[in-house]
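# Structure assessment
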Amino acid sequence: LRAWYPDGFLPLISPELSDKSFAIGMKGLMGDYAYDISVNNGSNDFSWGMVNSHNATYGTSAGQQAEFDLGTLGYSQTTVNFDLTTQMDMDGLDGPLSLAMGAELRMENYTIEAGEEAGYADGGFDVLDGPNAGNGAAVGCQCLPGLAPNNEQDRDREAFSVYADAEADVSDNLLVNVALRAENYSDFGNTVNGKVALRYEIQDGVAARGSFSTGFRAPALQEAYFSSIATNFIDGIPYEVGTFPNDSEPAIALGAKDLEPETSTNLSAGMTYKDDTFTIAVDAYQIVVEDRITMSETFNGSGATSDMATFFADRGIPAVGGRYFFNGINTETNGLDIVATMSQDLSNGTLLLKAAMNFNDTEVTNEEDLVTPSELADYTTDQLLGRANTVRFESASPTEMFQFSARVQRPTTTFMVKMNRWGEVTIPSGSVEREQVLSGKWTTDMEYSFQAHSQVRVSFGVNNMFDVYPDKTVKRNSFNGIFQHSGYSPFGFSGRYVYTRLDMTL
């Protein structure tokens, strides 16, 4: 609206966050058992706001404004935990049996509160000036329309779980650990997961180890019920995109199904060596995750006989694209961890050297299943999981990372230097032409601390001491030069960070 912003405008999101937490607990002994009981409560409110914007559908009327309250997202969680641990002697074992057991009750609440009307309403004006004069204006606050009453949510969930864990030396050389956890969720039911781990000492200081476990992750309330319409830039082009709760009519029409837990199987095997000054551990692992939850592609464009703009217009939704969270991605990650440490006595101190390396590879194993939902075949050719999200799973995190550190520890002082090698990552995009590979980089951290008092320690440090930055984004990924560095950089793009820290023990 040039009559309101003759020189153009740069809208700024201005959130306010309120975070609270409280914990109380007690631990002690009951006969041969050590107990720990606690209650933890936490909540977070995220209030969206916008400044330097406007609602173009209000034209130059008295209702036009530049600042908006766009609504509030809220989440709270309360957990009650009770844990018991003990050791007991049993015939046939080479040592005591260590037992742990407990229960947890978790209560969650997720809310979405609407913002002020001007943030989401249609004021009735078309575009008043400029090359688009007379066309319909985008509804709501420009850049980020506010949360409307039909976005509001108030969802609760409870989960109750019990677990047991047992560990013992069953022979002189063999350690066995077994664990089991059962959990009931009020919204999707029951799940049971377990773990078996073994450690066999081949000879003094040399051991083999391995484990197998199953796991799960419950869908977050936010994944199931978040709702909004906002401007999203897809390969540099702005679209009004709706994110719809899975149980809403638009999401169901888009092909959404109720979310289920992610499940996983985890397998690892390795060797360890230890002597008086040197240790090394080498572990290979495989993690298979089924039904991973992620955001679908943004369904827009056109299909066999119609387009997504028509799809949403027929439902009275002010958007040209839509998406939702869904289950269904299967991934397999194979990796190798190598960690070595060496200690050396110094005059009035100790030198500790450490090297850690990780190599990993992740693959989406069911791409052929993640096609366009049948409900949308007439409206779009977009698939559930397109190239951008596939690359995000497989290549947007480093496939290799190295860390080398040296620490000199003296009675009252400590000096540490650490070098980090971050492997290359790929900026995902919907097409190969727009992708960009960020090269691997080294960063260096240092810290010096000293005991100023028996209860006070002072530290001085610097992260990324040599002010290393990731590769600059090429023009097509820089949003007209605004984003010179990508958020996919594994070490950020803020450069050198200098800090001091004061630790006090009361």
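Here we summarise the structure given alongside this text. (Residues numbered from 1 in each chain as written. Predicted model: local features only at pLDDT ≥ 70, side-chain atom pairs only at ≥ 80, totals over all residues. Heavy atoms only, no water.)

### Brief notes about the overall build of the protein chain
On a plain count of helices and strands, the protein chain comes out with four helices and 23 strands. The principal-axis extents of the C-alpha atoms in the protein chain amount to approximately 85 × 50 × 50 Å. Per-residue burial for the protein chain yields a buried fraction of 39% across its 506 residues. Here the contacts in the protein chain between residues at least 6 apart in sequence split such that 67% fall between residues at least 24 apart. Per element, the accessible surface of the protein chain, about 27000 Å² overall, is 54% carbon and sulfur. (Helix = DSSP H or I, 4+ residues; strand = E, 2+ residues; numbered from the N terminus. Buried < 20%, exposed > 50% of the residue type's maximum accessible area, 1.4 Å probe, protein only. Contact = heavy atoms within 4.5 Å. Areas by Shrake-Rupley, 256 points an atom, 1.4 Å probe, with all protein chains shown as cover.)

### Re the packing of aromatic side chains
Going through the model one piece at a time under the given rule, you end up with 17 aromatic pairs. With 6.2 Å between their ring centres and 85° between their planes, F46 and W48 make a pair best called edge-to-face. The exposure class assigned to F46 is partly exposed, which follows from its relative accessible area of 25%. Taking relative accessible area as the criterion, W48 reaches 14% and is therefore assigned buried. Judged by centre distance (5.9 Å) and plane angle (25°), the ring pair of F244 and F312 falls under stacked. Residue F244 is located in the loop between β11 (237-243) and α2 (249-254), and its partner F312 is located in helix α3 (residues 308-313); the two are separated by 68 residues in the primary sequence. Of the two residues, F244 and F312, both sit in the buried class. By the ring-pair criterion, three or more aromatic residues cluster together here, those being F244, F311, F312 and Y379. Between the NZ or CZ atom of R315 and the centre of the ring of F311, over which it lies, the distance is 3.9 Å. (Phe/Tyr/Trp six-rings, centres within 6.5 Å; stacked < 30°, edge-to-face > 60°. Lys NZ or Arg CZ within 6 Å of the ring centre and 35° of its normal.)

### Topic: the pairing of strand β22 (residues 456-463)
With six of eight residues buried, β22 is to be regarded as a mostly interior element. For strand β21 (residues 441-453) and β22, the ladder comprises seven bridges, and the chain directions are antiparallel. In the sheet register, E447 faces β22, and the bridge partner there is G461. Between the antiparallel neighbours β21 and β22 lie two residues. Relative to strand β23 (residues 497-504), β22 runs antiparallel, the two being bridged by eight bridges. (Pairing = 2+ DSSP bridges.)

### Some points on a negative patch on the surface
A cluster of acidic residues, D45, E113, E152, D154, D156 and E158, forms a negative patch on the protein surface. Among the elements that take part in the negative patch, strand β6 (residues 153-169) stands out by supplying three residues, more than any other. By the secondary structure assignment, E158 is in strand β6. (Patch = residues over 30% accessible without salt bridge, like charges linked within 9 Å, V, L, I, M, F, W, Y side chains within 5 Å. Salt bridge = Lys/Arg side-chain N within 4 Å of Asp/Glu carboxyl O. Lys, Arg positive; Asp, Glu negative; His and termini not counted. Charge placed at Lys NZ, Arg CZ, Asp CG, Glu CD.)

### Let's talk about the pattern of salt bridges
Between side chains of opposite charge, a pair can form when the charged atoms approach closely. Counted according to the given criterion, the structure contains 17 salt bridges. For R155, the salt bridge goes to D247, with nearest N and O atoms at 3.0 Å. You can see R155 sitting in strand β6 and its partner D247 sitting in the loop between β11 and α2, a full 92 residues away along the chain. Assessed through its relative accessible area of 38%, D247 is described here as partly exposed. Residues R157 and D187 are paired through a salt bridge, measuring 3.1 Å at the closest nitrogen-oxygen approach. One end of the pair, R157, is in strand β6; the other, D187, is in the loop between β7 (174-185) and β8 (189-203), and 30 residues separate them in sequence. Note on D187: relative accessible area 39%, which makes it partly exposed.

### Observations concerning unusual backbone geometry
You will see that N348, though not glycine, has its phi angle at about 60°, which is positive. As for its position among the elements, N348 is in the loop between β15 (325-346) and β16 (349-364). Even without a glycine there, the phi angle at N464 is positive, about 55°. Note on N464: relative accessible area 7%, which makes it buried.

### Re the side chain of N81
With respect to the helices, strands and loops of the structure, N81 is situated in strand β4 (residues 68-88). There is a polar contact of 2.8 Å between the side chain of N81 and the side chain of E104. In contact with N81, not counting residues within four places along its chain, are D36, I37, S38, N40, A103 and E104. (Polar contact = N/O pair within 3.5 Å; in protein donor to acceptor, adjacent residues only side chain to side chain.)

### Topic: the environment of Y58
Within the secondary structure, Y58 is located in the loop between β3 (33-51) and β4. Judged by its relative accessible area of 15%, Y58 falls in the buried class. Taking C-alpha positions, Y58 is 9.8 Å from L1, a pair spaced 57 residues apart along the chain. Apart from the residues within four sequence positions on either side, Y58 is in contact with G63, Q64, E117, A118, A121, G123 and F125.

### A word on a nonpolar patch on the surface
A cluster of nonpolar side chains, M26, M30, Y33, I37, F82, M88 and M90, forms an exposed patch at the surface whose accessible area comes to about 600 Å². For the nonpolar patch, the elements supplying multiple residues, two or more each, are β2 (16-30), β3 and β4. Residue placement: M26 occurs in strand β2.

### Some words on the pairing of strand β13 (residues 278-295)
Across a regular strand the side chains alternate sides, sitting on one face of the sheet and then on the other. The sheet contact formed by strand β12 (residues 262-274) and β13 spans twelve bridges and is antiparallel. Looking across to β13, one finds that T272 is bridged to A281. What sits between the antiparallel neighbours β12 and β13 is a turn of three residues. Here β13 pairs with β15 via 15 bridges, running antiparallel. In the sheet register, F278 faces β15, and the bridge partner there is M342.

### Description of the state of the cysteines
Per the counting criterion, the structure on display carries zero disulfides. Between C141, a free cysteine, and C143, which holds the nearest cysteine sulfur, the sulfur-to-sulfur gap is 7.3 Å. (Disulfide = S-S within 2.5 Å.)

### Structural notes on the environment of V364
Among the secondary structure elements, V364 is positioned in strand β16. Put simply, V364 and V289 are 75 residues apart on the chain and 9.7 Å apart in space, counted from C-alpha to C-alpha. Not counting the four nearest positions on each side in its chain, V364 is found in contact with I329, N330, T331, L370, L385, T390, F393 and E394.

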